[in-house]
Amino acid sequence: MNTLRQYRRTAGPALAGMVLGVALTCRPAPSPVATPNDFRSTAGRLDAGEHRVALEARAARWFPSGNDRPSFEVAAFGEVGQAPSVPGPLVRVPIGVDVAIALTNSLPDTLLVTGLRDPRTRDTLVVAPGATATTRFRADRPGLYGYSGRTRGTVRWVGGGGGQLHGVIAVDSTGAPPDRIIAITGWSGAAPTGGDSTFVLALNGRMWPHTERMQLAVGDTAHWRVINFAGSIHPMHLHGAYFRVDARGTHTGDTAYTAAQQRLVVTETLLERETMALTWSPERAGRWLFHCHDAFHVEHEMEEELDVAAAMWARAMAGDTTPLPQPAPAAHAGEHAMSGLVIGIDVAGPASAPTVTGARRIDLTVQQREKVYADTPGLGFVLARPGGVPADSITIPGPPIVLAQGEPVAITVHNRLPERTSVHWHGMELESYFDGVGGWSGSANHVAPSIAPRDSFVARFTPPRAGTFIYHSHVSEVRQLSSGMYGPLLVLPQGQRWNPERDHVVMFAVAGTHDTASVVAHHSQRPLRAGVSHRLRFVNIAAADLVTVEALQQERVIDWRVVAKDGADLRMPSAQPARFAMGPGETMDVEVTPARGPLTLRVKSFNNFDLVLQVK
Ligand SMILES: [Cu+2]
């Protein structure tokens, strides 16, 4: 099982919550069920010139998956007199209003809350068990804020890994368009025998497929704000369309980007306690996804482990911390077998465009070779060639697929694996049916299947813009991605030929499926030429790892020009010191003119290493 790797790799919330403390000895009435919170309405109301809210922190029963699935006893916020919710209430006010909050602590332990005394600071409000504390502030700066609670620690189950004490404050500027708020929260528990720590990740209180289904129409403008309360990074990825990042921030407020700072992306990485505001407009009807690109955070295993996680939690609350056995992994159907941080989007509109004729044909075979990563096979792609493809020939990463902007292409994916797969054309603006999420892409009455062994699927699209994209597996990604199922998808301006001497791909990925598998950088090893401009296309397709890079020559950070992000040209490319951080599912293009001597890419990630590019 791979769950512990997720925590090792992204410093998740588990470890703080794994020590179970004193359990409650007397149990009052059963806790009320926590409702999922879609943040469509504000808590409290305007009264005598003040927005007054009465909040309560209390024990609640949370059903992160379906109502027929296991539940957890957690600590949660609610409005006094109403059901608690996960996440906690939204306090939404127009700018300039005075806010008065009374918070009652109905937990059996001292409560410490940040973000309520003054949302712009991390000052703590301390509330004794049974007490009510009040706080007042003026909402004088627009933005998104997060408040979070924990207990002092004598009764750990209500804090730490068990707590869902998180809520949102939104201060709206005059004339702000309506938006939706999406909060990421995490829960974690101890490890079963033979397994790693169990965890749950939810969007607005629910895991896929029980997350809200967003309903949009072609041409709508959607404003979403995303806030991260779960203690790990979340590279949030939109399928089939770009979104514009309008603001970034933390729980103590955000900063609206100027027009020049706004960027189009398909993936934006939220670090711990970070927020973003985004705008997008669907151009094509069909079914799309907005999901975390950390493969562990969408892995079906999260759902499979829910039973043992809930059972162990219930026993721990009764004072018994003996681990239960880890369940055997379930056989996956392969049809969008996801969980966790995934939101489905239904876009209504005219049916998809008719299939173009005369498309360029490409044949891509997926197959495996034994013992590539110790005892486990490598899974990889290979392009058709005259005389056929030997049964165990794979390249990792897959071969660069080089397309021309505006030129229709029909890529036939032949599956020669002993299992189902599906290939996603990451960053590509295409028809939903060809997007590559088997069992989901398309429309309710025309769903694209995943590709069964010995079967094939033809993906048809016309790349509308030139840039750096990715093709990769969208089935059991932790294993299929880490086993090699990814490759660069390059789209060149019409009439341009790819020059691999001047145009280099550097692809970060995880080599193998074991818990301690390293992050590696794939590069052609072709030397660069001194004094000549090159394009470097950076791609992060690691299962879970943030990668930070500095480019040095003679131990000094050089300058380069960042020209594109996720395949979209930047509006205002600028020369800047050569360093960046990039989450899984992100690409970035830079232009660099190196001096003579080696160019070192100093990489910090799960493991640290230097990739040295020769410059002649
Ligand atoms: Cu994530």
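Anything mentioned here points back to the structure above.
Residues numbered from 1 in each chain as written. Predicted model: local features only at pLDDT ≥ 70, side-chain atom pairs only at ≥ 80, totals over all residues. Heavy atoms only, no water.

*Asks:* What's the story with the overall build of the protein in this structure? I'm lost.
*Replies:* Summing up its helical and strand segments, the protein has five helices and 46 strands in all. In terms of overall size, the protein behaves like a compact globule, its C-alpha atoms giving a radius of gyration of 25 Å where 616 residues would be expected to give roughly 25 Å. C-alpha atoms of the protein, sized along the principal axes, occupy 75 × 55 × 55 Å. For the protein, the accessible surface area stands at approximately 23,400 Å², while carbon and sulfur atoms represent 52% of it. (Helix = DSSP H or I, 4+ residues; strand = E, 2+ residues; numbered from the N terminus. Rg over C-alpha atoms; globule rule 2.2 N^0.38 Å. Areas by Shrake-Rupley, 256 points an atom, 1.4 Å probe, with all protein chains shown as cover.)

*Asks:* Just to check I follow, could you spell out the nonpolar core for this structure?
*Replies:* Formed by 82 residues in total, the largest nonpolar core has its most connected members in Trp224, Trp280, Phe290, Ile345 and Trp425. Apart from residues no more than four positions distant in its own chain, tryptophan 224 is found in contact with Arg180, Ile182, Met214, Leu216, Met276, Ala277, Leu278, Trp280, Phe290 and Ile345. One finds Leu536, Val547, Trp560 and Met582 within the second-largest nonpolar core, a separate group that totals 29 residues. (Core = buried A, V, L, I, M, F, W, Y, C linked by side-chain atoms within 4.5 Å. Buried < 20%, exposed > 50% of the residue type's maximum accessible area, 1.4 Å probe, protein only. Contact = heavy atoms within 4.5 Å.)

*Asks:* Would you mind going over the pairing of strand S45 (residues 599-604) with me for this structure?
*Replies:* Within a regular strand, side chains alternate between the sheet's two faces. Note: strand S39 (residues 547-553) against S45, five bridges, orientation antiparallel. Paired with valine 549 across the bridge in S45 is valine 603. Bridge analysis of S45 against strand S46 (residues 609-613) gives five bridges, and the strand direction is antiparallel. Bridging across to S46, arginine 602 finds its partner in aspartate 610. (Pairing = 2+ DSSP bridges.)

*Asks:* What exactly am I supposed to notice about the pattern of salt bridges here?
*Replies:* Pairs can form between side chains of opposite charge once their charged atoms are near each other. Evaluation of the coordinates by the stated rule reveals 36 salt bridges. For aspartate 307, the salt bridge identified is with arginine 69, shortest N-O distance 3.0 Å. Linking aspartate 307 in helix H4 (residues 306-317) with arginine 69 in the loop between strand S3 (50-62) and strand S4 (72-79), this pair joins segments that are 238 residues apart in sequence. We classify aspartate 307 as partly exposed; its relative accessible area is 39%. Classification of arginine 69 as partly exposed rests on a relative accessible area of 21%. One salt bridge in this structure joins arginine 138 and aspartate 98, with 2.8 Å as the shortest N-O distance. Within this pair, whereas arginine 138 is found in strand S10 (residues 132-138), its partner aspartate 98 is found in strand S7 (residues 98-105), the two being separated by 40 residues in sequence. Through salt bridges with shared partners, a single ionic network connects Asp38, Arg40, Arg180 and Glu212. (Salt bridge = Lys/Arg side-chain N within 4 Å of Asp/Glu carboxyl O.)

*Asks:* I would appreciate a short explanation of the coordination of the copper ion in the present structure.
*Replies:* Tetrahedral coordination by four donors places them ideally at 109.5 degrees to one another around the metal; octahedral coordination by six donors ideally gives 90 or 180 degrees. Coordination of the copper ion by the protein comes from His234 (ND1), Cys292 (SG) and His297 (ND1), over a distance range of 1.9 to 2.1 Å. One chain supplies every donor to the copper ion, and in sequence these donors are spaced H-x57-C-x4-H. Given a relative accessible area of 1%, cysteine 292 falls into the buried group. (Donors = N, O, S within 2.8 Å, 3.2 Å for Na, K, Ca; no water.)

*Asks:* Quick question: what am I supposed to make of H4 here?
*Replies:* For the α-helix, the turn length of 3.6 residues means that residues three or four positions removed from each other point alike. Counted at 1.5 Å a residue, the expected span for H4 with its 12 residues is 16 Å, and the 16 Å between its end C-alpha atoms agrees. Every buried residue of H4 is listed here: Leu306, Val308, Ala309, Ala310, Met312, Trp313, Ala316 and Met317. Immediately downstream of H4, the backbone of glycine 319 shows phi near 95°, a positive value. (Expected span 1.5 Å × (residues − 1).)

*Asks:* When you look at unusual backbone geometry in this model, what are you seeing that I'm missing?
*Replies:* Glycine aside, residues mostly have negative phi, and peptide bonds are mostly found in the trans state. A cis amide bond links tryptophan 208 to the next residue, proline 209, at an omega of 5°. Position of proline 209 relative to the elements: it lies in the loop between strand S15 (198-203) and strand S16 (213-217). Between isoleucine 396 and the following residue, proline 397, the backbone shows a cis peptide bond with an omega angle of -5°. Looking at the secondary structure, you find proline 397 in the loop between strand S27 (376-383) and strand S28 (401-404). Even without glycine at this site, arginine 273 takes up a positive phi of about 65°. Positionally, arginine 273 belongs in the loop between strand S22 (267-270) and strand S23 (274-280).

*Asks:* Help me out: how do you make sense of the environment of alanine 466 in this one?
*Replies:* With respect to the helices and strands, alanine 466 occurs in the loop between strand S33 (456-461) and strand S34 (467-473). C-alpha separation for the pair alanine 466 and proline 493, spaced 27 residues apart in sequence, amounts to 5.4 Å. Leaving out residues up to four positions away in the same chain, alanine 466 has contacts with Gln405, Val491, Leu492, Pro493, Gly567 and Asp569.

*Asks:* So what exactly am I meant to see when it comes to the side chain of arginine 180 here?
*Replies:* Structurally, the position occupied by arginine 180 is in strand S14 (residues 180-189). On the accessibility criterion, arginine 180 (13% relative accessible area) is buried. Of the polar contacts made by the side chain of arginine 180, one reaches the backbone oxygen of aspartate 38; its length is 3.2 Å. Among the polar contacts listed, one links the side chain of arginine 180 to the side chain of glutamate 212, at a separation of 2.7 Å. In contact with arginine 180, not counting residues within four places along its chain, are Asp38, Arg40, Glu212, Met214, His223, Trp224 and Arg225. (Polar contact = N/O pair within 3.5 Å; in protein donor to acceptor, adjacent residues only side chain to side chain.)

*Asks:* Even after reading the chapter, I still don't get the side chain of serine 422, so can you show me in this structure?
*Replies:* Along the chain, serine 422 turns up in the loop between strand S29 (409-415) and strand S30 (423-426). Residue classification places serine 422 among the buried positions, given a relative accessible area of 4%. At a separation of 3.4 Å, a polar atom in the side chain of serine 422 contacts the main-chain amide nitrogen of glycine 438. Excluding its chain neighbours within four sequence positions, the residues that come into contact with serine 422 are Gly436, Val437, Gly438, Ser450, Ile451, His472, Ser473, His474 and Val475.

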